[in-house]
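The primary structure of each chain is shown beneath.
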Amino acid sequence: MCLAVPGRVTSVEEVDGVPMAEVDFGGVTKQVCLQYIPDVAIDEYVVVHVGFAIQRLDEKSAQETLANFGRMGVLEEEFGDGFELAARQAGVPVERAEEQR
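Thresholds applied
- Residues numbered from 1 in each chain as written.
- Predicted model: local features only at pLDDT ≥ 70, side-chain atom pairs only at ≥ 80, totals over all residues.
- Heavy atoms only, no water.
- Helix = DSSP H or I, 4+ residues; strand = E, 2+ residues; numbered from the N terminus.
- Core = buried A, V, L, I, M, F, W, Y, C linked by side-chain atoms within 4.5 Å.
- Buried < 20%, exposed > 50% of the residue type's maximum accessible area, 1.4 Å probe, protein only.
- Contact = heavy atoms within 4.5 Å.
- Phe/Tyr/Trp six-rings, centres within 6.5 Å; stacked < 30°, edge-to-face > 60°.
- pLDDT = per-residue confidence, 0-100.
- Pairing = 2+ DSSP bridges.

### Describing the environment of valine 28
Right, so step 1: Of note, valine 28 is situated in strand E3 (residues 28-33).
Right, so step 2: Spatially, the C-alpha atom of valine 28 lies 9.3 Å from that of glycine 7, the residues being 21 residues apart in sequence.

### Description of the nonpolar core
Right, so step 1: Ranked by internal contacts, the top residues of the largest apolar core, which has 16 residues, are Val23 and Val46.
Right, so step 2: Breaking this core down by element, the ones donating at least two residues are strand E1 (4-15), strand E2 (18-25), strand E4 (45-49) and helix H1 (59-72).
Right, so step 3: Apart from residues no more than four positions distant in its own chain, valine 23 is found in contact with Gly7, Arg8, Val9, Thr10, Val28, Thr29, Lys30, Val32 and Val46.

### Side note on the packing of aromatic side chains
Right, so step 1: Here the structure, examined in full by the defined rule, presents one aromatic pair.
Right, so step 2: With centroids separated by 5.4 Å and ring planes inclined at 45°, the aromatic side chains of tyrosine 36 and phenylalanine 52 adopt a geometry described as tilted. On the criterion of sequence distance, the pair formed by tyrosine 36 in the loop between E3 and E4 and phenylalanine 52 in strand E5 (residues 52-57) is long-range, its members being 16 residues apart.

### Describing the confidence of the model for the chain
Right, so step 1: Looking at the chain as a whole, its pLDDT mean stands at 82, while 74% of the residues score no less than 70.
Right, so step 2: Ranking the elements of the chain by mean pLDDT puts helix H4 (residues 97-100) last with 44 and E5 first with 95.
Right, so step 3: Under a pLDDT of 50 for its full length, residues 97-101 has, in the predicted model, two contacts with residues more than four places off or in other chains.

### As for the pairing of E5
Right, so step 1: In terms of strand pairing, E4 meets E5 through five bridges, oriented antiparallel. Pairing of valine 46 across the sheet is with arginine 56, part of E5.

Next up, the structure:
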């Protein structure tokens, strides 16, 4: 599944002439391209789709959406370990790092 997910901008920089940001998606941080909205500031919320910030979003809406996605397990599906998810979906037992200790 490929969703547009809200996140909070934690830093902004230019990389090879392209405006980029670190965006926090409820605890998971990813690099995001700001080419479509290059004037975004730190602590603003953006909606991100396939690695691009595509619009600004108010904090309340972003938090509500992240909470709903969290309850539905969507964030784990989008940002979790893809190999682990595929194994679980195939019915293969998965041994987590915590269980190996």
